[in-house]
Each structure stands twice: as structure tokens, then as C-alpha cells.
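Residue strings, one per chain:
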Amino acid sequence: MWRKASRLVRETTSWKTRRQGQAEAPSAAVATIKPSTRTSTPIAHGLPIIITWSQLAIVAAVAVLLQCHVCQAGRAPPEPYYGRYIGDFTNFAHGIKGQIYAVDESTLFVKSFAYDGTGPDAFFWVGKTPRPSPDGYIIPYPEEYTGMDPPILQAHNRTDIILRLPMGKRIKDIRWLSVWCRRFTVDFGEVFIPPNLDVPKPRVLPEFKRLAHGLRSSNISVLDAKTFYIPNLHYDGAGPDAYFWVGNGSEPNIMGIKVPNESGSLEPLRGYQGEDIEIQLPESLTVYDIDWLAVWCVEYRHNFGHVYIPRDLDVPPALGQTKITTTTTPRPVYSNCREILPNKLQIKWELQGEYLQVELFGRITEDQYMAFGLSGANGRAQMSQSDVVVAFYDTTTRVFRAEDYFISDLSQCDGQRGACPDERIGGRNDVIVLSGDRKNGVTSIRYKRLLQPNEAIYDAPIPTDREVSVIAAIGPLNARKEANAHSHTASDHNQDDIRINFSARNDHACQSSLYDVKDESGPRPWPTRKIEGVRKFRASIGPTGGKRGYTSITGVPSWGIAWYVNDLLIPEITVERGLTYEFIIEGGNDPSQPARYHPFYITDSPEGGLGQKMGLEARKQKAYAGVEYDEDGNAIPTGGGRYCEWEHQTIDRSAEIDTFEEYMKTLVFKCEDGEPGYLNWTVPTNAPDQLYYQCFTHNNLGWKINVVDMGSSGGSKVSSHQFSFYGIFTVFSLVATSLPFFGHVLA
């Protein structure tokens, strides 16, 4: 049903029917703004019937989506789903009860477990003898415990319990589960595993379909009913409003739901460079409720890539057995917070037994560290002789790190003295990293360290009975990924004596979150490029240049790509009335690939996207080139050609590169097979002073065309010689990217 409705919507929103409103008579336009006339006799007043059918199709699609649980009937296992049912405990003593399920190959689930807790040495016990016997082994519960031996089983009253088989054992390796008293070798209750039990297993899917923004991955796995494992994920991070996105239908669409990223955040996706991540579906949603997983730009309604979910899944239930550190482990709520460096560095802490747990929040870049620890002298802020933790994000290994440092003096570490990691000078790194995150310009790293250290030379004990002076700083990392000794300014370390009693409660002096701090020191915009005195242009696609590029030039958001004209990001073009100009177009010519279909046209609209417009909205803009009209008045794009794009070699580095020329060195030019398109345009003598080159199918990809009288153009800001240079540069880039291919063929 859903696929039929989706097909109906697509048919009724083809270019011709979507553009039907362009040919409406004025009387029809009047009729559309009179509700009473429109609802009573739409045909008599000239309203095209196709609009009514479009509305009906959309209503039908929405109705189907709202009842998608009906569409999925028979696909999902009965609810509640706990896995493959094994059987109930047989009780022999102490009130043993519970239903046992096989969750996956190595996990059992006991539903509503009951036990009176009075056995002196009872455990969950498994083995492969014909009946429960001393020849077995313990399944520790709870799984995480302190001490040498697993804890004795306590009393339970209808408790749901997850049991993981130890030592790499699988359910096929055991024949029974028992509640067993080890001291008296007594079986309190048992259940037998059926032979050849078919347990649920994770399902391997294809990789993401590669459509836009360098999105790709290795084969994606469904680990359980709510968890996806996405290995080797690549994405340039340039989409302005992109999310993991799930929904129903034959292909990704606007009727989807956002899925939190691997950190549990619903912020727009960052760039990924070959990372392995896990994500979990929100709330009660499961893989049985969806048809696809995609990376989707909400603002511009574009699919960057997707994978389909098969209908014959038999994956483990989502009972919490699949552990994702950043999502299944709740983040602590601290009662203590100090802002050590205003608007730059905050510390939150709490005591946990023999450990001090700390979380640092810093507005730092990926090539910077943040440091916090005990001052080298109590009563003043002193870097020398201080014992600190240096925390940062390692861009090479793609992990968050926290290192134990001893600063003997303010110099580079030479292996004996200076700002040195303890490990480089014969000590140990006693810091344990718990988690890390980076979003909205803020890096947060949570770690713990012993209050009483194991080495007396480089680590100082942390007192809990009094206040102690602390030191904090941010600064650059060197090539070794170590804190780079440098001259500190008043804003990157604390000059005043700041004291903290680490055993205090409710020492909360932070007035606001660093995530709420407006970044006033954002990257400086690149200047607008201008082309004058040139009669030949080449238009291809490329990235927007982040905050330095499209948005800072135009003042409007972009969906991650823009026009590059003569290899310049949205330059202002000056043309003269009466002269003819040639455009070589490489924006794509396959409408079935919307993320790679950008017909070039010239218009008086600063927004563009004529193909998205209908009725009165479409008539508000005028096309001057790149568009023809059929007999019904529907706009047909003519400015198509093969698809060529400047792509990021790795991830978007615009924020860290000061000039556009240097930024271009981080891109590589790639073209699909085929021929470019050609557009010859003679500027009308009555053309307005301001026009725009735009994309027919999408908003906000282009920029200004300044129209002047013949002979008024002021010399070439970008000459034909420069165009030749950029052409040579492009050819060189294409040849360079082709060398590995030819080398492979020749080999």
C-alpha cells in the first residue's frame, strides 16, 4: 500500500504536473485565493483537476504513513519480544521461577525471575552434562562486580535479568541453565536448552548508497532490534542540517524521524573519516517499523545516501544487552562546577570512592588541548611543578585522550624535563578516560584518577579535607600530540589563585553552559571573487566553504554545495548587454539522482529553484536562459551536462584555512562519464541590472550576475589567462586522481 501511494505522489509531482500552475489563466489564479469558490465549484472556475488529485495523493500517503504499523503487520515478531523462547524454570527449592529466552548466540534473558535468596552459595550455573551437576561454571550476575569472585545470588522478586555466557561460550555449547548451590551441590531450579535451537542473530546489510557529500561505509549491521553498527563511515560534514534518518516507503522522504548519533546527540552530523560507530533508534521504534536508514538533509530535503532494511529480519531483541558507551551509560549529573577560564573552560567533578571523577568542557579546536590539575604551589597559580591532566581529541587515532603530566618547568619536554607526560619521564599514566564528545565547538572529556596516587615523584595526592590551589590552561598540541610549551596569555590560563575543596557538594559557580556561548571569533569570511571581461565560463559543483564561504557571502544558508564558476566559489559575474556569453555546464543531467542533478539557469530570483515552485510562486521569477517552456507553459530545464564536483579529499577543513586558494588545495576535481552541456546567452538590452545564476531544481546554489551597458565593464578582475590557469589546474587534478586507476590497469 505504501509503495503504491509513494508512486502516486511521484507521478503527480513530476516536472510537468508540478509546474502546471505556470500556465494558469489569471482567472484561475483568482479562483485559487477564494476559498469558497475553490471548494464549491473548482472546475467551473478553471482550477486544474491535477491539483485536486495531487492533494488526494498526498492525503493518501500521509494516511498510509500514519497507519504504517498496519503495513508492517506480519513483519515484526509479537510484542513484547524477548528472543527465542526456551522454557520456564522447573522449581525444586527456594521458589525458583522465570521464563528463559535466547537473546542471541551468547546471551540469555530471564523474565520475571524469582528466588528467595536464602541459599548459602547459589549462582546461575550452566554446563553441557545431561543434567545439572558440579561439572559446570558460573554465569556472573551482576556482570560487573568488584573482588576476585562473583557475588552470591541475592533474592529477587519478578526481576528481569540479562545473562552473558562467560569465556566466549555460546548457547550451542550448553545444555541447561540452573540455579545451583555450589557448597551443597544442590539444584534449586533448572531449564533445558532445546537441541539445535535457532537463536536470533545480527543481520549484515549492504553499505550506504553513495549519493552526495562523500557518504560511504562498509557493510552495515543490525545488531539488535534498535541498534545499527556502521563501520568505516565517511561523510564530509558539509550538509547544514543532516541527520541519521529512518522511515517508511520505497525511498527516503520527508516523512522520516531523526536518529541520535553515536553520542546520543540530535545535533547536525559532523564529518566522519573512516570511523566505526553504533547508533540506536529512539524511543519505542525498532528496525521492524522502518524500511530504510539514510543520511538526510532536513532543511533542503535531500538524501545523501541510504540502505534498505529487509523484511525477513530475525535479529536479537533490544533488551539493553548491546552496549553503546555513549548512549547506554547515563552521563553523571554533577553538583559541582567551576568556570576556570571565562567562556573557555569549565570543570565539573565529584568524588567516587577512592577516585576523583572530572569532566572538562573546553571551547577548543581539534589541534588544542585543555589541562587541569593541582597548582605547583599552594596559595598561587603556578605552572611549574604542577601535576595536571592534559585532555584532547586525537585526530590521528580518532579517540579522546587524557594524559597524566608533570610540569617541571615551562619548556618543551626533552624526555627528562619540561611539560612532560609521566610516561615519557619514567612514570605511569594513572588517568582513566571514561568518555568524550565534541559538538558545537565544545570538547568534553570525562576521566577519573586516584585520590592517593601510586607514585610519589610525579603525582601529588588530592586532599579532600581542605581547599587546594588549582591550575588550568588551554593551548596548542605539537606533532607528538603533546602539550606544546608556549607563552601563555591572560585568557588561556588562570592567573589568579583559584581554590577548590574536592569533597564539597553543590559548589556550582557556573552561570551558563559553554554550549550557549556565541562564538565571536568565528572564521574570517573569504572575500567575494569577481569575474569581469570574460566571455566563457565553466560551471561545476563544489562544497560551500563552511562559515567562510557561501553563507558569509550571501547571508543565506546553503545545503552544502554551490556553483563553482571558473573554479571560483560563487563569484560575482559582470556581463554587458548585447554581448553573447558561453557557459560550459557540469551540474548533472540525471533527474533520478536529485543530489547530482543541478540544471544551470539564469534568473532574476536570488533564490532560484524554479523547478520546485508552483503557481503564483513560480510566476514571481523570470528565467533569462537555461529554461524552455512546453505547449502547456511548463518550465523545462535545458542547462544540463555531465556531473563534475570539487570534493573534499578528507573532511571539510574550511574553518582552519584562511584563504580560498589554500582551501582549493584540499579539494579534488572528479567528473562522471559523459559530455558537458553548453549554454549560449545573449544578454537582452532590457535586462535588469541584477540577475543570478542558479540551480533549477534546488534553492541557493548560485550568486549574482551584474548587468552593465556595453563597454561599461571595468577590466578583468579574473582574466582569460586566469581562466586558462584554472583550466590547467583542473586538468592536472583530474589526471592526478586518475593515476591510481591507470596504474592498476597497467599492472
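Just so it is clear, the structure is predicted and the values come from calculations on it, not from any experiment.

**Student:** Just to check I follow, could you spell out unusual backbone geometry for this structure?
**Tutor:** A negative phi angle is the norm for most residues apart from glycine, just as the trans form is the norm for most peptide bonds. Residue Pro142 is bonded to the preceding Tyr141 through a cis peptide linkage, with omega at 0 degrees. Turning to its location among the elements, Pro142 is positioned in the loop between strand E6 (137-139) and strand E7 (156-164). Within the chain, His94 stands out as a residue other than glycine whose phi angle is a positive 65 degrees. Checked against the element boundaries, His94 lands in the loop between strand E2 (90-91) and strand E3 (97-104). On the basis of relative accessible area, His94 is assigned to the partly exposed category, the value being 26%. The phi angle at Asn196 is positive, at roughly 55 degrees, despite the residue not being glycine. Of the residues examined, Asn196 reaches a relative accessible area of 80% and is grouped as exposed.

**Student:** I tried to follow the state of the cysteines on my own but got confused; where do I start?
**Tutor:** In protein structure, a disulfide is the covalent linkage between the sulfur atoms of two cysteines. According to the stated counting rule, one finds three disulfides in the structure shown. What pairs with Cys413 in a disulfide is Cys420, and their sulfur atoms sit 2.1 Å apart. Across the S-S bond of Cys413 and Cys420 the torsion is about 105 degrees, and the bridge reads as right-handed. Considered together, Cys413 and Cys420 belong to a single accessibility category, that of buried residues. What connects to what in the protein, once the bonded cysteines are numbered by sequence position, is 1-4, 2-3, 5-6.

**Student:** How should the sheet that holds strand E24 (residues 419-421) be read in this particular structure?
**Tutor:** Pairing between the strands of a sheet is mediated by backbone hydrogen bonds and can be parallel or antiparallel. Spatially, E24-E23-E22-E21-E27-E28 is the arrangement adopted by the six strands of the open sheet, whose pairing is antiparallel. Since the sheet does not close on itself, it has two edges, and those belong to E24 and strand E28 (498-500), each with one partner. The average undirected angle you get between the axes of adjacent strands in this sheet is 35 degrees. By the bridge criterion, nine bridges tie strand E22 (residues 386-394) to strand E23 (residues 399-407) in an arrangement that is antiparallel.

**Student:** For this particular structure, what's the right way to read the sheet that holds strand E5 (residues 122-127)?
**Tutor:** With antiparallel pairing, five strands are arranged side by side in an open sheet as E2-E9-E8-E5-E6. The open sheet terminates on both sides in strands that have one partner only, identified here as E2 and E6. Relative to strand E9 (residues 186-192), strand E8 (residues 176-181) runs antiparallel, the two sharing six bridges. The residue bridging Cys181 from the neighbouring strand is Val186, located in E9.

**Student:** Could you clarify how one ought to interpret the pattern of salt bridges in this entry?
**Tutor:** Overall, the coordinates contain 35 salt bridges when judged by the stated rule. Here Asp394 ties to Arg401 by a salt bridge, and the two come within 2.6 Å at their closest N and O atoms. On the basis of relative accessibility, which here comes to 3%, the residue Asp394 falls in the buried class. A relative accessible area of 22% means that Arg401 is categorised as partly exposed. Residue Arg449 pairs with Asp404 through a salt bridge whose shortest N-O separation is 3.7 Å. Of this pair, Arg449 sits in strand E26 (residues 442-450) while Asp404 sits in strand E23, and the two are 45 residues apart along the sequence. Each member of the pair, Arg449 as well as Asp404, is classed as buried. What you see here is one network of salt bridges that share partners, running through Asp387, Asp404, Arg449 and Asp459.

So, how was this worked out
- Residues numbered from 1 in each chain as written.
- Predicted model: local features only at pLDDT ≥ 70, side-chain atom pairs only at ≥ 80, totals over all residues.
- Heavy atoms only, no water.
- Helix = DSSP H or I, 4+ residues; strand = E, 2+ residues; numbered from the N terminus.
- Buried < 20%, exposed > 50% of the residue type's maximum accessible area, 1.4 Å probe, protein only.
- Disulfide = S-S within 2.5 Å.
- Pairing = 2+ DSSP bridges.
- Axes fitted to C-alpha atoms, helices over the stretch in contact; angles between N-to-C directions.
- Salt bridge = Lys/Arg side-chain N within 4 Å of Asp/Glu carboxyl O.

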